[in-house]
Amino acid sequence: MSLLLFGVSHRSAPVPVLERLAVSEHDRPKLVSSVLQSHAVSEAMLVSTCNRIELYAVVDAFHPALETVGQVFGEHSGMSYADMTDHAYVRYSEAAVEHLFTVAAGLDSMVVGEQQILGQIRTAYSVADEHKTAGSTLHELAQQALRVGKRVHSETGIDRAGASVVSVAVARADAVRGTGQPPMRRAVVIGAGAMGSLATSELARLGITEMFVVNRTTERANELAARVTERYGIPTRGAGIDDVAEVMADADIVVTATGSVTPVLQVGDVHQALLRRASMIPLMICDLGLPRNVDPAAARLPGVHVIDIESLRGDSGARAAADDTAAATAIVAGELAGYLSAQRQAEVTPTVAALRQRAADLVDAEILRLESRLPDLDAAQRDEVAKTVRRVADKLLHAPTVRVKQLASSGSTHYAEALRELFELKPGTAEQVAAPDPGSR
């Protein structure tokens, strides 16, 4: 079995393509289930964030599995396979593992070093586990990826470049406002989920002194607002989406961060906010949703600046220091080598077990034959003979079985194949491969 990755991200596709391929939380299990309809796919997990959609699948045949994945994503997005492949990337086997570890380390993020990707990978695995689409392979892979990410953040300073896309977007908004403007103090966060919570934390850290949390469910908005007030001592109130124009009227900055597949902030809402606005200072809107949370027409209103995922590509503030990036890359490389070595050794373990089982059964057969030929041996003598023969067999097998594991860990799997061929082993069917040769009796 091998790992197949099919994905698109901010590095490979423009925002309109990402929007068409975006998968909501509601649709995630259905899409993964559709992929598992293929006999070539045994496990699957979907990582879906504001700037990447990646499907990881355990497969036993590359082309049939890729064909299924392409078909499922094509039906979901309404895009042809050719259109998708212009922007998608495919990784297989070791390259797919390396990519996931790199993503978990924050090295592939728009803001290098951002940490929320770890939570998103954890969510992807939890959903797969809950719906029984992840087996032992994806379980081990996901847990290892999370460990890699935690190591990178604890042992390097990679996250010094910015804790999230939020900090980069706010910095860009501040730059767009220009010098001579008073600092931004009042913020509106639209969305009370994980990204909305992260946005409130970052805004508090960046000096915001008053906040509104807006959500379709007012109760959730109030809950997050209460947590912000308690944690940071910043006056924060909740509001429903119907009141968004009113609360935006006095805002310096608006951050949208929801998982909605349609815009939650309409051009009419923004226009109404501008009509109520006393200040002539431009209204800054940071749209961090994918698909976009803000109606594109809002950016054409006078006195409004919209900063979205597309406009943040390549921002210098999104790149970590070179030394920290190099240190993180080294950790990923070391962890990848260790993981692959363990996987290769695990692959030859059934062969080694089958060989030892074959030897053990041959020894047992010979001991039985000896007992029939020398019936006068007492129990102590039989035990000593049996122990001696087994020691000889164990010593003969020790060096080759240890060596074949060592060779496998370095990528040389043909030695295990040679063992299977020479001893006619079929790993996984010990009863068949271990049966003594009738001709030996």
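Criteria and thresholds
Position numbers for residues start from 1 in each chain and track the written sequence from start to end. Residues qualify for local features only when their pLDDT is at least 70, as the model is predicted, and side-chain atom pairs are given and counted only at 80 or more; totals for whole chains, interfaces and linings, by contrast, use all residues. As a rule here, side-chain values come from all non-hydrogen atoms in the structure, and water together with hydrogens is ignored. In this analysis, strands are considered paired if DSSP registers two or more bridges between them. Under the DSSP-based scheme used, a helix requires at least four consecutive residues in state H or I and a strand at least two consecutive residues in state E, with every element numbered from the N terminus. To get an axis, a line is fitted to the C-alpha atoms, and for a helix only the part in contact is used. The angle between two axes follows their N-to-C directions and goes from 0 to 180 degrees. Residues are treated as being in contact if the distance between any of their heavy atoms lies within 4.5 Å. Each helix crossing is assigned a hand: it is left-handed if the near helix lies turned anticlockwise from the far helix by less than a right angle, otherwise right-handed if that turn is clockwise. Under the convention adopted here, Pro, Cys and the residues Ala, Val, Leu, Ile, Met, Phe, Trp and Tyr are nonpolar, Asp, Glu, Lys and Arg are charged, and Gly plus all remaining residues are polar. To estimate how far a helix should extend, the number of its residues minus one is multiplied by 1.5 Å. Three exposure classes are used, based on accessible area relative to the maximum for each residue type with a 1.4 Å probe and protein chains only: buried under 20%, partly exposed in between, and exposed over 50%. For the handedness criterion, the strands are oriented away from the viewer, and a crossover whose path from the first strand over the helix to the second runs clockwise is classed as right-handed. Put simply, a nonpolar core is a bunch of buried Ala, Val, Leu, Ile, Met, Phe, Trp, Tyr and Cys residues held in one set by side-chain atoms that sit within 4.5 Å of each other. The working definition used for a salt bridge is a side-chain nitrogen of Lys or Arg within 4 Å of a carboxyl oxygen of Asp or Glu. Charge counting follows a simple rule: Lys and Arg are positive, Asp and Glu are negative, and His as well as the terminal groups are ignored. Counted as a polar contact is a pair of N or O atoms within 3.5 Å, where, for protein atoms, one must be capable of donating a hydrogen and the other of accepting one, and residues adjacent in sequence contribute only when both atoms are in side chains.

### Let's talk about the sheet that holds strand β3 (residues 52-59)
Item 1. Strand order across the open sheet formed by four strands is β2-β3-β1-β4, with antiparallel pairing between neighbours. Two strands bound the open sheet, and with one partner strand each, they are β2 (41-48) and β4 (89-92). Geometrically, the sheet is characterised by an average inter-axis angle of 15 degrees between neighbouring strands, direction not taken into account.
Item 2. Here β2 runs beside β3; their pairing, made up of seven bridges, is antiparallel. Residue pairing for β3: glutamate 43 is matched across the bridge by valine 58.
Item 3. Contacts between helix α3 (residues 62-77) and the sheet are confined to β1 (2-9), β2, β3 and β4, with β1 contributing the most and set at about 30 degrees to the helix.
Item 4. Lying on the sheet, helix α7 (residues 136-155) is in contact with β1, β2 and β3; it crosses β2 at an angle near 30 degrees.

### Thoughts on the packing of helix α2 (residues 28-35) against α3
Item 1. With their axes 9 Å apart at the nearest point, α2 and α3 run at an angle of 145 degrees to one another. The hand of the α2/α3 crossing is right-handed. Facing α2, whose interface residues are Leu31, Ser34 and Val35, α3 presents Thr68, Val69, Val72, Phe73 and His76.
Item 2. Split into classes, the residues belonging to the contact of α2 with α3 amount to five nonpolar, three polar and no charged.

### Let's talk about helix α6 (residues 116-130)
Because each turn of an α-helix spans 3.6 residues, side chains separated by three or four positions end up pointing in the same direction.
Item 1. Between the first and last C-alpha of α6 there are 21 Å, a value that for 15 residues agrees with the 21 Å anticipated at 1.5 Å per step.
Item 2. Gln116, Ile117, Leu118, Gln120, Ile121, Ala124, Tyr125, Val127 and Ala128 are the residues of α6 that are buried.
Item 3. Lysine 132, located one to two residues past α6, shows a positive phi value of around 60 degrees.

### Overview of the pairing of strand β7 (residues 236-240)
Item 1. Inspection of the sheet shows strand β6 (residues 210-215) paired to β7 by five bridges, in the parallel sense. The partner of phenylalanine 212 across the bridge, within β7, is arginine 237.
Item 2. Crossover β6 to β7 through helix α10 (residues 218-232) is right-handed.

### Here's the deal with the sheet that holds strand β10 (residues 304-308)
Item 1. Spatial ordering of the open sheet is given by β7-β6-β5-β8-β9-β10, a layout of six strands whose pairing is parallel. With partners counted over all chains shown, the strands left at the sheet margins are β7 and β10, one partner each. Going across the sheet, the axis of each strand differs from the next one's by a mean of 20 degrees, ignoring polarity.
Item 2. Here strand β8 (residues 253-256) runs beside strand β9 (residues 283-287); their pairing, made up of four bridges, is parallel. Residue pairing across strands places valine 255 opposite cysteine 286, the latter belonging to β9.
Item 3. Those strands touched by helix α9 (residues 194-205) are β5 (186-190), β6 and β8, and its axis lies near 165 degrees from that of β5.

### Considering the nonpolar core
Item 1. Within the largest apolar cluster, 63 residues are counted, with the highest numbers of intra-cluster contacts made by Leu55, Phe73, Met211, Ile253 and Leu288.
Item 2. The element contributing the most residues to this core is helix α8 (residues 165-177), with six residues.
Item 3. With 37 residues, the next largest nonpolar core counts Met45, Ala104, Ala134 and Tyr339 among its residues.

### Concerning the pattern of salt bridges
Item 1. In this structure the tally under the stated criterion is 13 salt bridges.
Item 2. One salt bridge in this structure joins arginine 11 and aspartate 108, with 2.9 Å as the shortest N-O distance. Separated by 97 residues along the polypeptide, arginine 11 in the loop between β1 and α1 (15-21) and aspartate 108 in the loop between α5 (94-104) and α6 bring together distant segments of the chain.
Item 3. Here aspartate 108 falls in the buried class, since its relative accessible area comes to 11%.
Item 4. The salt bridge partner of glutamate 210 is arginine 237, with a shortest N-O separation of 3.3 Å. Of this pair, glutamate 210 sits in strand β6 while arginine 237 sits in strand β7; the two residues are 27 residues apart in sequence, bridging distant segments of the chain.
Item 5. Here arginine 237 falls in the partly exposed class, since its relative accessible area comes to 47%.

### Details of the side chain of glutamate 114
Item 1. Locating glutamate 114 in the fold gives a position in the loop between α5 and α6.
Item 2. One buried charged side chain, glutamate 114, makes no salt bridge at all; its nearest oppositely charged neighbour is arginine 52, positioned 6.3 Å away.
Item 3. At 2.6 Å, the side chain of glutamate 114 and the side chain of serine 109 are in polar contact.
Item 4. From its side chain, glutamate 114 meets the backbone nitrogen of glutamine 116 in a polar contact 3.0 Å long.

### A few points about unusual backbone geometry
Most peptide bonds take the trans configuration, and most residues that are not glycine carry a negative phi.
Item 1. For serine 93, which is not glycine, the phi dihedral falls at a positive 60 degrees.
Item 2. Along the chain, serine 93 turns up in the loop between β4 and α5.
Item 3. The exposure class of serine 93 is partly exposed, given its relative accessible area of 29%.
Item 4. One non-glycine residue, lysine 132, adopts positive backbone phi at about 60 degrees.
Item 5. In this fold, lysine 132 is placed in the loop between α6 and α7.

All quantities given are derived from atomic positions and should not be read as evidence of function.
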